[in-house]
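Chains, contacts and geometry: an overview
Each chain, written out:
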Amino acid sequence: MAKGNPAWLATHEKVREYLRESFGDKGFFPLEDNGFWLRYGTTIVHVFVHPFSQEDQRRSVVNIWSRVTVGTPLTGDLAMFLIKANSGFRFGAFGYYESEDPSLSSIIFEYNLLGEGLTREQLLDGLMAVAGTSDHYDTIITKQFGGKTMAEIMEEGMDEETEEKDEEWE
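Residues numbered from 1 in each chain as written. Predicted model: local features only at pLDDT ≥ 70, side-chain atom pairs only at ≥ 80, totals over all residues. Heavy atoms only, no water.

Brief notes about the overall build of the chain
This is how it is decided: Helix and strand assignments follow DSSP, with helices taken as H or I runs no shorter than four residues and strands as E runs no shorter than two, numbered in order from the N terminus. Contacts are assigned to residue pairs that have any heavy atoms within 4.5 Å of one another.
What the chain contains, in helices and strands, is four helices and seven strands. Taken from N to C terminus, the helices and strands of the chain fall in the order α-β-β-β-β-α-β-β-α-β-α. Restricting to contacts in the chain with at least 6 residues of sequence separation, those with at least 24 account for 58%.

Okay, here's the thing in structure tokens:
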């Protein structure tokens with residue numbers, strides 16, 4: 001966390017204001033100390049602000065990412081699919097985060113922007129690129145390689161929440 005860092009603070013406040021202008025106060029939510037999240041279509045998009053590097057604390061980076069699938073096993077075929085897809089993106093790339101519990105391993109799509117000089121349009125372009133790419137590829141990946149889409153995960157969570165509320169009323 002870089003709360004005392006002037007570059008981080010300026011970018012964080014700029015991102016907060018752009019999100020507020022674009023989605024209203026109830027359209028995005030703070031996440032930990034350095035980020036935000038918002039639901040966009042069938043996915044949840046995260047926006048974090050970080051210092052540019054350990055050595056360069058004068059600049060900042062805005063990292064926008066989304067889980068595309070959860071529980072998709074990493075295979076050679078999946079790796080080749082993601083590498084080939086990555087070659088077609090001007091900005092952004094797929095990544096794979098492995099968990100000790102394979103059902104929690106995730107394919108993500110992330111997009112980075114420089115914080116200084118960031119415009120509202122650039123932030124919105126990044127959000128749309130991440131949400132659109134995640135939404136486009138989630139079903140393709142789960143059909144070919146397994147796992148669940150974020151829409152399925154959210155639906156399961158809503159079903160569990162409904163079941164808990166039903167139990168309270170019994």
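That was the structure; now back to the text.
Quick look at the pairing of strand β3 (residues 43-51)
To keep things clear, this is the line we draw: A pair of strands is labelled paired if DSSP reports no fewer than 2 bridges between them.
Pairing between strand β2 (residues 35-40) and β3: six bridges, direction antiparallel. If you follow Phe 36 over to β3, its bridge partner there is Val 47. Here β2 folds back onto β3, and the loop between the two strands holds two residues, one of which, Gly 41, carries a positive phi near 65°. Note that β3 and strand β4 (residues 60-70) share seven bridges and pair antiparallel. Across the sheet, the residue bridging to Val 49 is Val 62, located in β4.

A short note on helix α3 (residues 120-145)
For clarity, the cut-off: An expected span of 1.5 Å times one less than the residue number is assigned to each helix. Note on bend: the value at a residue is the angle between axes fitted to the seven residues ending there and to the seven starting there.
Its 26 residues place the ends of α3 36 Å apart at the C-alpha level, agreeing with the 38 Å of an ideal helix rising 1.5 Å per residue. The largest bend in α3 amounts to roughly 35° and is located at Tyr 137. Taken from the residues just after α3, Gly 146 is the one with a positive phi, measuring 95°.

Some words on the nonpolar core
Note the threshold: Throughout, nonpolar core names a set of buried Ala, Val, Leu, Ile, Met, Phe, Trp, Tyr and Cys residues whose side chains join them through atoms within 4.5 Å. Burial status follows relative accessibility: with a 1.4 Å probe on protein chains alone, a residue under 20% of its type maximum counts as buried, one over 50% as exposed, and anything between as partly exposed.
Counting residues in hydrophobic clusters, the biggest one holds 31 residues, and the most contacted among them are Val 15, Val 62, Ile 64, Phe 94, Leu 123, Leu 127 and Ile 141. Only α1 (6-23), β2, β3, β4, α2 (76-86), β6 (106-114) and α3 provide two or more residues apiece to this core. Sequence-distant contacts of Ile 64, that is, excluding residues within four places in its chain, are made with Val 45, His 46, Val 47, Phe 109, Glu 110, Tyr 111, Leu 113, Leu 123, Gly 126, Leu 127 and Val 130.

A short note on the pattern of salt bridges
Applicable threshold: Salt bridges, as used here, are contacts in which a Lys or Arg side-chain nitrogen is within 4 Å of a carboxyl oxygen on Asp or Glu.
Going through the model one piece at a time under the given rule, you end up with five salt bridges. One salt bridge in this structure joins Arg 20 and Asp 25, with 2.7 Å as the shortest N-O distance. Classification of Arg 20 as partly exposed rests on a relative accessible area of 31%. Residue class for Asp 25 comes out exposed when judged on its relative accessible area of 57%.

Looking at the side chain of Ser 106
Heads up, the rule is: For the purposes of these results, a polar contact is taken to be a pair of N or O atoms within 3.5 Å, where, inside protein, one atom must be able to donate a hydrogen and its partner to accept one; residues adjacent in sequence count only when each atom of the pair is a side-chain atom.
Here Ser 106 is to be found in strand β6. Classification of Ser 106 by relative accessible area gives buried; the value is 5%. A polar contact of 3.1 Å, which involves the side chain of Ser 106, links it to the side chain of Arg 67. Beyond its immediate sequence surroundings of up to four residues, Ser 106 is in contact with Arg 67, Thr 69, Val 70, Gly 95, Tyr 96 and Tyr 97.

Some remarks on α1
Note the threshold: This arc corresponds to the set of directions leading from the helix axis out to the C-beta atoms.
Relative to the 26 Å expected for 18 residues at 1.5 Å per residue, α1 spans 26 Å between its end C-alpha atoms, a close match to the ideal helical length. Burial in α1 covers these residues: Ala 7, Trp 8, Thr 11, His 12, Val 15, Tyr 18 and Leu 19. Relative to the axis of α1, the buried residues are bounded by an arc of 130° and lie together on one face. Note on α1: the residue one or two positions beyond its end, Gly 24, has a positive phi of about 75°.

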